[in-house]
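Architecture and fold: a report
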Amino acid sequence: MKAALMRAYHEPLELVERPVPEVSGVSDVLVRVGGAGVCATDLHAIEGLMEPAGVTLPLVLGHENAGWVEAVGTGVTTVAPGDAVLVYPPYSCGLCVACRRGNDMHCVRHQFTGLSVDGGFADYVLVSERSLVPLPAGVDPVEVAPHADAGLTAYHAVRRLAHLAVPGSTAVVIGVGGVGHIALQLVRELGSSSVIAIDTDERRRRLATELGASEAIDGQDAVDAVRDLTGGGGADLVFDFVGTDETHAGSAAMLARGGTYSVIGYGGTISIPSPALVVNEHAVVGNLVGTWIDLWELLQLHAAGRIVLKTEVHPLDAVNEVLDKLREGEVTGRAVLVP
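Presented here is a report on the structure given in the accompanying data block. (Residues numbered from 1 in each chain as written. Predicted model: local features only at pLDDT ≥ 70, side-chain atom pairs only at ≥ 80, totals over all residues. Heavy atoms only, no water.)

1. Describing the overall build of the protein
Of the regular secondary structure elements, the protein holds 11 helices and 18 strands. Taking 20 Å as the expected radius of gyration for a compact globule of 339 residues, we find that the protein reaches 20 Å, a close match to that expectation. Each principal axis of the C-alpha distribution contributes one length, and for the protein these read about 60 × 40 × 40 Å. For the protein, the proportion of its 339 residues judged to be buried stands at 53%. Contacts spanning at least 24 positions in sequence make up 69% of the contacts within the protein whose residues lie at least 6 apart. Here the protein contributes 22 positively and 41 negatively charged side chains, and the mean placements of these two sets differ by 5 Å. (Helix = DSSP H or I, 4+ residues; strand = E, 2+ residues; numbered from the N terminus. Rg over C-alpha atoms; globule rule 2.2 N^0.38 Å. Buried < 20%, exposed > 50% of the residue type's maximum accessible area, 1.4 Å probe, protein only. Contact = heavy atoms within 4.5 Å. Lys, Arg positive; Asp, Glu negative; His and termini not counted. Charge placed at Lys NZ, Arg CZ, Asp CG, Glu CD.)

Spelled out as structure tokens, the structure:
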């Protein structure tokens, strides 16, 4: 099969021919890849920043995968060859306390497709039966592949705070990229807040407005703008999909009293004086991917036509050009590689 292999950090991926993975375990499932989303985490892996997440070389990247079941192990009962599926990227054992509680991404035997094991920048990917989410009838794997991480992460973050998105509240979404453009729609679907979108790119601000944001503003002077738009009160919820020192500080400054700051993007350092945290009764919440059921529920919304996933499709052979495009901020929504 063809695969895009990362042999070294800071180098282009190498298109190689390698054997198709073998179905050897009873719960193994071989998936023929229909589409694989390209994520900023792939850039971090190429930059050598994802070893704490289990990355070792060589590795086939690609953690947003959808396609069709090609072959199954002898113990597989929930899918069969030909079934259309989305791959939930965290591996989970189903037996540890975290799994029993439904927190699959915290499994003590955690692995991650495309980071700690080979992913879907290839013709085929080998996964566990527990990692598969059957696609609703009529849903094309290529169109939903990025939901495996981008959509999942957005859904998990918004669902956790949906009870706070009450009528009359204001939610801010910082960064209307591959994840943020889904999140702003989910705030509308799972809650009742008005949504202010913040992005430095005019094309993404325009997309935010098309997808239902009440306002879309530039990142410059965003704190003052949010205060003005909320009558001085500030935002009740802030979802930060950028995660730099600047957005951390700005998010804390634009929060209303009693507000909650949801951190999804990462890379910066959050510094909030404890007196301000207590007096304003602010809460800070971190988010890591999401659960299997989060992904299943998101797919039901997608199948019902209530969520738009903005994608652009490219051949797998163009993987390095697509990574460059993402690195330069030239992807609106999510890029998908097709073998």
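2. Topic: the pattern of salt bridges
Enumeration over the complete set of coordinates arrives at 15 salt bridges. Within this structure, Arg-188, Glu-189 and Arg-306 form a network of salt bridges that share partners. (Salt bridge = Lys/Arg side-chain N within 4 Å of Asp/Glu carboxyl O.)

3. Observations concerning the sheet that holds strand β1 (residues 2-6)
Within the open sheet, the 3 strands sit side by side as β2-β1-β4. Their pairing is antiparallel. Taken across any chain shown, the strands that pair with only one partner, and hence form the sheet edges, are β2 (14-17) and β4 (59-60). As paired strands, β1 and β2 are joined by 4 bridges and run antiparallel to one another. By the bridge assignment for β2, Leu-5 is matched with Glu-14. (Pairing = 2+ DSSP bridges.)

4. A look at the nonpolar core
Considering soluble globular proteins, one finds that nonpolar side chains tend to be buried as a cluster. Leu-13, Leu-86, Phe-121, Leu-132, Leu-186 and Phe-239 are the most contacted members of the largest nonpolar core, which has 88 residues in total. Per-element accounting of this core gives the leading share, 7 residues, to helix α4 (residues 150-161). If sequence neighbours within four positions are ignored, Leu-13 has contacts with Ala-4, Leu-5, Met-6, Ile-46, Leu-61, Phe-121, Val-319, Asn-320 and Leu-323. (Core = buried A, V, L, I, M, F, W, Y, C linked by side-chain atoms within 4.5 Å.)

5. Brief notes about helix α5 (residues 180-190)
Buried residues dominate α5, accounting for 8 of its 11 residues. Every buried residue belonging to α5 is among Gly-180, His-181, Ile-182, Ala-183, Leu-184, Gln-185, Leu-186 and Val-187, and all of these are buried. The elements touched by buried residues of α5 are α4, β11 (170-174), β12 (194-198), α6 (202-210), β14 (235-240) and α10 (292-303).

6. Things to note about the packing of helix α7 (residues 222-229) against helix α8 (residues 245-254)
Running from N to C, α7 and α8 cross one another at 25°; their axes reach a closest spacing of 9 Å. If you check the angle between α7 and α8, you find them roughly parallel. Of the two possible hands of crossing, α7 and α8 adopt the one that is right-handed. Seen from α7, the contacting residues are Ala-222, Val-223, Val-226 and Arg-227; seen from α8, they are Gly-250, Ala-253 and Met-254. Of the residues that constitute the contact of α7 with α8, the class distribution is 5 nonpolar, 1 polar and 1 charged. (Axes fitted to C-alpha atoms, helices over the stretch in contact; angles between N-to-C directions. Parallel < 35°, antiparallel > 145°, perpendicular 65-115°, else oblique. Left-handed = near helix turned anticlockwise from the far one by under 90°. Nonpolar A, V, L, I, M, F, W, Y, C, P; charged D, E, K, R; others polar.)

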